[in-house]
Amino acid sequence: MNKIKKILLLSMAITALMLCFVFSSSAATSGYYTYEIVNGKAKITNVNTAISGDVTIPKKLGGYTVNEIGYASFEHCNSIKNLIIPDTVTFMDSYAFRNCAGITSVKFGKGVKIIPFMAFVNCSGLKTITFGENVTTIGKYAFNGCKSLVNINWNEKINIIDVGAFSGCISLTKLVISNSVKTIQESAFSGCSGITELELGNNVELISGWAFSGCRALRNVKLPDSVKEMGKSAFEKCVSLTTVSIGDGVKEIKDNAFLNCSRLRTIQFGKNIESIGYGSFAGCKSLSDFTFNEKLRTIGMTAFSGCESLTKLIFPTSLTSIYERAFENCNNVVTIDFNDKIMDIGYRAFQNCISVKSLDLPNNLTNLSSYAFYNCKSLKEVNIGDNVVSIPENTFALCSSLKDVIIGQSVTEIGYSAFASTSIDKIVIPDSVTEISGSFYNCTELQDVSMGNGIVRIDQYSFYNCTALKAIIIPEKVAIIGDNAFSNCSGFTGRLTIGKSVTSIGYNAFSRCSG
């Protein structure tokens, strides 16, 4: 029995050895090419770097059909000029022609379907690419750093341009993407600083993050309706971009999509956009012409921060939320037309909008955040909606021209420095307000204050340095008057009436109150 087992094992070993000879042999050389036989076909594994001139890779080596170009096999073959890859080649491995600085053109045969990872990376002399009719995928960083590339002859089957495929191809000037392409992955053309014209095919569905970032010469972008998603920073720092048209397929403009496109003047929004992300148009200091679509619901943090050329903002009836710093430093905006469905205005949302003259806040506004209109120094009048519960700290501080304020009937708290250093000369505080917290600090023109009967606390510095204030009646329910609450009201000459409920008067609460 043991003898039979030994015979069987020996037989299997001999069979395996014979198969190895049939399907794979040791390396052989033919001219410049080193190759091996795999599954009855030739795989090029190495090429002598002395190879030069116009090169057509042979269809056969040693009588075997060449179907594979191995890993880094042509690397540093710097004297090749025009390269033709025959129809027999069906597979190319990564780095196949890496750093072949002398190649000026490459033509792919019908057999190649995928251009692999970094296949032609840093082929700095490559000017022209002609894709074979069956290429479907251009792999990651396949032509990265091909800084002389000017011509790309597409086929009608390519559907994926992968991550960084053409990044750093600085000599490209006109880019026409084939209609077959559906996916343009991250950084696919990033840093292609020479592209002036971009024409996207009608079947592109995805433009991933940073896809065209740093295309500094690009002038116009038109996204077809087929585009469903545009990734983060897709066109960031395209500093020559002047017009953008976004198709109806896009629902979300992702973060930093057009960040620092400093010459961008005009945007045409697609009708189905629902949100504009963080920093999407921040630093677009030439932006002056656009109309929001009627499905837009949210405008993200810093979305239009620093858009210095905007003069008018008209928000659609669909909009509900404006997030932090969304329009900060838009210093030429004169008019803001809110709709009544807006519920949230975020932290510093309109800070330093120094040209705004009047505000009629939405009736449905419930969340008004601190510093929302800080230093809007041309602002003269504000009507605060009836659903606002709190006017938080510094909301209108340093609005030095602000005189007329109507506070809604739902406000219960006016926060610290909410109206500090404004020009308000009279104010009516409704009965709904229970607490004032340093709210009118340094309002030097304030003469007349009518406080509602609901107030129970006047906190520290609430009316500090209100030098024009002449008289004050403290409501009956007030229990606490904080430190320096009326300190330095030096114009005070009239009557001071303090209610019976007061239990605590803080340090220097009425110091230097003399005219």
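Residues numbered from 1 in each chain as written. Predicted model: local features only at pLDDT ≥ 70, side-chain atom pairs only at ≥ 80, totals over all residues. Heavy atoms only, no water.

Draft legend 1. Structural detail: the overall build of the protein chain. On a plain count of helices and strands, the protein chain comes out with 1 helix and 43 strands. The globule rule puts the C-alpha radius of gyration for 515 residues at 24 Å, and the 35 Å found for the protein chain is more than 25% above it. If one aligns the C-alpha atoms of the protein chain with their principal axes, the spans along those axes are about 115 × 65 × 35 Å. Looking at the protein chain as a whole, 52% of its 515 residues are labelled buried. The contacts in the protein chain between residues at least 6 apart in sequence include a share of 27% that link residues at least 24 apart. Per element, the accessible surface of the protein chain, about 22100 Å² overall, is 48% carbon and sulfur. Placing the 47 positive and 42 negative side-chain charges of the protein chain at their respective mean positions leaves the two points 10 Å apart. (Helix = DSSP H or I, 4+ residues; strand = E, 2+ residues; numbered from the N terminus. Rg over C-alpha atoms; globule rule 2.2 N^0.38 Å. Buried < 20%, exposed > 50% of the residue type's maximum accessible area, 1.4 Å probe, protein only. Contact = heavy atoms within 4.5 Å. Areas by Shrake-Rupley, 256 points an atom, 1.4 Å probe, with all protein chains shown as cover. Lys, Arg positive; Asp, Glu negative; His and termini not counted. Charge placed at Lys NZ, Arg CZ, Asp CG, Glu CD.)

Draft legend 2. Region of interest: the sheet that holds strand S32 (residues 381–383). Strands sit in the order S30-S32-S34 across an open sheet of 3 strands; the sheet is parallel. Here the strands that pair on one side only, and so sit at the sheet edges, are strand S30 (358–360) and strand S34 (404–406). Taken over all neighbouring pairs, the strand axes of this sheet differ in orientation by 5° on average, direction set aside. Pairing of S32 with S34 involves 3 bridges; the strand directions are parallel. When the sheet's bridge partners are listed, valine 382 is paired in S34 with valine 405. (Pairing = 2+ DSSP bridges. Axes fitted to C-alpha atoms, helices over the stretch in contact; angles between N-to-C directions.)

Draft legend 3. Broad picture of the side chain of serine 180. Here serine 180 shows up in the loop between strand S15 (174–176) and strand S16 (183–184). Serine 180 gets classed as buried once you look at its relative accessible area, which sits at 14%. Separated by 2.5 Å, the side chain of serine 180 and the backbone oxygen of isoleucine 158 make a polar contact. Among all residues touching serine 180, those that are not within four sequence positions of it are Asn155, Glu156, Lys157, Ile158 and Asn159. (Polar contact = N/O pair within 3.5 Å; in protein donor to acceptor, adjacent residues only side chain to side chain.)

Draft legend 4. Region of the structure containing the nonpolar core. Counting residues in each nonpolar core, the largest one holds 156 residues, and the members touching the most others are Phe166 and Phe396. Elements supplying a minimum of two residues to this core: strand S2 (33–38), strand S3 (41–47), strand S6 (64–69), strand S7 (79–84), strand S36 (426–429) and strand S38 (448–451). For phenylalanine 166, the residues in contact, after removing those within four places along its chain, are Ile129, Phe131, Ile138, Phe143, Leu149, Ile152, Trp154, Ile161, Ala188, Phe189 and Cys192. (Core = buried A, V, L, I, M, F, W, Y, C linked by side-chain atoms within 4.5 Å.)

Draft legend 5. Expanded view of the environment of alanine 28. Topologically, alanine 28 is positioned in strand S1 (residues 28–30). Not counting residues up to four positions away in its chain, the partners in contact with alanine 28 are Tyr33, Thr34 and Tyr35.

Draft legend 6. Summary view of a nonpolar patch on the surface. A surface patch of nonpolar side chains, about 270 Å² in accessible area, is lined by Tyr278, Met301 and Tyr323. Within the secondary structure, tyrosine 323 sits in the loop between strand S27 (321–322) and strand S28 (335–337). What makes tyrosine 323 partly exposed here is its relative accessible area of 38%. (Patch = residues over 30% accessible without salt bridge, like charges linked within 9 Å, V, L, I, M, F, W, Y side chains within 5 Å. Salt bridge = Lys/Arg side-chain N within 4 Å of Asp/Glu carboxyl O.)

Draft legend 7. Examining the packing of aromatic side chains more closely. Inspection of every chain in the model, using the stated rule, returns 44 aromatic pairs. Look at phenylalanine 315 and phenylalanine 350: their rings are 6.4 Å apart centre to centre, the planes differ by 70°, and that puts the pair in the edge-to-face class. With a gap of 35 residues between them, phenylalanine 315 in the loop between strand S26 (312–314) and S27 and phenylalanine 350 in the loop between strand S29 (344–345) and S30 connect regions that are remote in the sequence. We classify phenylalanine 315 as buried; its relative accessible area is 5%. With centroids separated by 5.1 Å and ring planes inclined at 5°, the aromatic side chains of phenylalanine 463 and phenylalanine 486 adopt a geometry described as stacked. Taken together, the positions of phenylalanine 463 in the loop between strand S39 (457–458) and strand S40 (472–473) and phenylalanine 486 in the loop between strand S41 (480–481) and strand S42 (496–497) put the pair 23 residues apart, joining distant regions of the chain. The same class applies to phenylalanine 463 as to phenylalanine 486, namely buried. Positioned above the aromatic ring of tyrosine 371, the side-chain terminus of arginine 348 is 3.8 Å from the ring centre. Positioned over the ring face of tyrosine 374 is arginine 348, at 5.9 Å from the centre of the ring. (Phe/Tyr/Trp six-rings, centres within 6.5 Å; stacked < 30°, edge-to-face > 60°. Lys NZ or Arg CZ within 6 Å of the ring centre and 35° of its normal.)

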